[in-house]
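Chain by chain, the residues run as shown.
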Amino acid sequence: SVFEKPCAHVIAQLRERAGRASGADAISFHRQICAHLPGDAAAEIDLANAMKRADDLDGFLTLSGSLLNNPRLNSTQRIRMIEKRGEVFWRRAKIEDARRSFQEVLSNPPDLASERLAWVRLWALDQAIATRDRLREVLTGKPRESATGLVFAALARDLPSDDATIGYLIGLQLAQAE
């Protein structure tokens, strides 16, 4: 019935607050949205993403793992979640889990940018540990200052690869700096 459905303006207010909040506050707002919209895949995806942004990586992996079994997830939502899980696995040095995630993205890319990024991430996982760790900072969207600008350009220059890969890495870094 109409009286059992959550009020649209309440959900809109919570989404607005969640968008302005960070960390635990954003997670709290997204949990409230999920409470109003039980089983809503988009609301749960937003909660998982808030957890990842707040570095609640255990919570993210748990929720994203259950989301992958949600039949309401469309193919693009599913592959994006796998991609984000790969980033978290790599940040946690779970290289084989990251590799499996990125291979799945590469075999079912939602778009050309994701396909390129998956390919470069798989390439980066095969580099020497020190290089792989520096590339992880850039390729998982969590760059530190030490991985930016000229320092990253020098790293890219020293990598044994083709010009297209080096150009992609430098372009990716420049895009993240904006």
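Look up: the structure comes first, before these words.
Residues numbered from 1 in each chain as written. Predicted model: local features only at pLDDT ≥ 70, side-chain atom pairs only at ≥ 80, totals over all residues. Heavy atoms only, no water.

A. Region of the structure containing the overall build of the protein chain. Helix and strand counts for the protein chain stand at 10 helices and 0 strands. Across the 178 residues in the protein chain, those meeting the buried criterion constitute 41%. In the protein chain, 50% of the contacts between residues at least 6 apart in sequence involve partners at least 24 apart. Summed over its atoms, the accessible surface of the protein chain is roughly 9,900 Å², and 52% of this surface lies on carbon and sulfur atoms. (Helix = DSSP H or I, 4+ residues; strand = E, 2+ residues; numbered from the N terminus. Buried < 20%, exposed > 50% of the residue type's maximum accessible area, 1.4 Å probe, protein only. Contact = heavy atoms within 4.5 Å. Areas by Shrake-Rupley, 256 points an atom, 1.4 Å probe, with all protein chains shown as cover.)

B. Up close: the environment of His36. Of note, His36 is situated in helix H2 (residues 23-36). Remark: the alpha-carbon pair of His36 and Val10, spanning 26 residues in sequence, is separated by 9.1 Å.

C. Highlighting unusual backbone geometry. The backbone phi angle of Asp55 is positive, close to 60 degrees, even though this residue is not glycine. In this fold, Asp55 is placed in the loop between helix H3 (41-53) and helix H4 (57-67). Not every positive phi belongs to a glycine, and Ala93 is a case in point at roughly 65 degrees. Inspection of the secondary structure puts Ala93 in the loop between helix H5 (75-91) and helix H6 (95-107).

D. Spotlight on the nonpolar core. Membership of the largest hydrophobic core comes to 36 residues, with the highest contact counts inside it found for Phe60, Leu67, Trp90, Leu125 and Leu139. Elements with a contribution of two residues or more to this core: helix H1 (8-20), H2, H3, H4, H5, H6, helix H7 (112-125) and helix H8 (129-139). A total of 7 residues in this core trace back to one element, the largest contributor, which is H3. Setting aside residues up to four positions removed in sequence, Phe60 forms contacts with Ala48, Met51, Lys52, Gly65, Met81, Lys84, Arg85 and Val88. (Core = buried A, V, L, I, M, F, W, Y, C linked by side-chain atoms within 4.5 Å.)

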